[in-house]
Amino acid sequence: MSEKSYFDILVSPVITEKSSMLSESNKVVFKVGMNSSKTEIKKSVEELFKVKVKSVNTLRRKGKTTNFKNIKGKRKDFKHAIITLEEGQSIDVMGGV
């Protein structure tokens, strides 16, 4: 895989209060592409950040339906990946790659 395809798989890190709490238990949360599989996510994280991945859990979030002045709309669907790292490994999501 090329560098471009790794960044297509890992779209962005998720920085929320819940993901900060997960980082205490050696887990990192990323927003990933809807078509990416767990093996692709694991490979891209290991290649980009040079860490060992223990497991990958994914979840698909459906976009909410919205109303604004009688105009119906829908937010985009997206996919999250919760990545568990091996002991002693860490990723600084605040810094750059």
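Along each chain, the written sequence defines residue order, and numbers are assigned to residues from 1. Owing to the predicted nature of the model, reporting of local features is limited to residues with pLDDT of at least 70; listing and counting of side-chain atom pairs is limited to 80 or more, with chain, interface and lining totals taken over all residues. Where side-chain values are given, they derive from all heavy atoms of the structure, hydrogens and water being excluded.

Here we come to the layout of surface pockets. Its volume calculated, the largest pocket comes out at about 220 Å³. Using only the protein atoms, space was sampled on a 1 Å grid; points where a 1.4 Å probe fits but cannot get out form cavities, open sets with protein on both sides within 12 Å along at least five of seven lines form pockets, and lining residues are those with an atom within 4 Å of a point. Lining the largest pocket are 15 residues, and of these S19, S23, K27, I91 and V93 sit closest to its centre. Mapped by element, the contributors of at least two residues to the lining of the largest pocket are helix 2 (17-23) and strand 2 (27-32). Basically, the charged four are Asp, Glu, Lys and Arg, the nonpolar ten are Ala, Val, Leu, Ile, Met, Phe, Trp, Tyr, Cys and Pro, and anything else, Gly included, counts as polar. Class assignment of the residues belonging to the lining of the largest pocket gives a composition of eight nonpolar, six polar and one charged. Looking at the second largest pocket, its volume works out to about 180 Å³. Around the second largest pocket, the lining residues are V14, T16, K18, S19, L22, V29, L59, R61, H80 and I82. Grid points are joined across faces, edges and corners, and a volume is the space filled by probe spheres set on the points. Numbering of helices and strands starts at the N terminus; helices are DSSP runs of H or I of at least 4 residues and strands are runs of E of at least 2.

Relative to the helices and strands, S55 is located in strand 3 (residues 53-61). Exposure classes here rest on a 1.4 Å probe applied to the protein chains alone. A residue is buried below 20% of its type maximum, exposed above 50%, and partly exposed in between. Residue S55 is classed as partly exposed on the basis of its relative accessible area of 29%. Between the alpha carbons of S55 and T39 there is a distance of 9.6 Å; along the sequence they are 16 residues apart. Contacts are assigned to residue pairs that have any heavy atoms within 4.5 Å of one another. Ignoring anything within four residues of it in the chain, the contact list for S55 reads I82, I83 and T84.

This next bit is on the sheet that holds strand 3. Strand order in the open sheet made by the four strands is 1-2-6-3, with antiparallel pairing throughout. The outermost strands of the open sheet, each flanked by one partner alone, are strand 1 (10-13) and strand 3. On average, adjacent strands in this sheet sit at an angle of 30° to one another, irrespective of strand direction. Pairing geometry for strand 1 and strand 2, over three bridges, is antiparallel. Bridging across to strand 2, L10 finds its partner in V32. Helix axes are fitted to C-alpha atoms over the stretch in contact, other axes to C-alpha atoms as well, and angles between N-to-C directions run from 0 to 180 degrees. Here helix 3 (residues 38-49) sits on the sheet in contact with strand 1, strand 2, strand 3 and strand 6 (78-85), set at roughly 125° to strand 3. Criterion used throughout: strands pair if DSSP finds at least two bridges between them.

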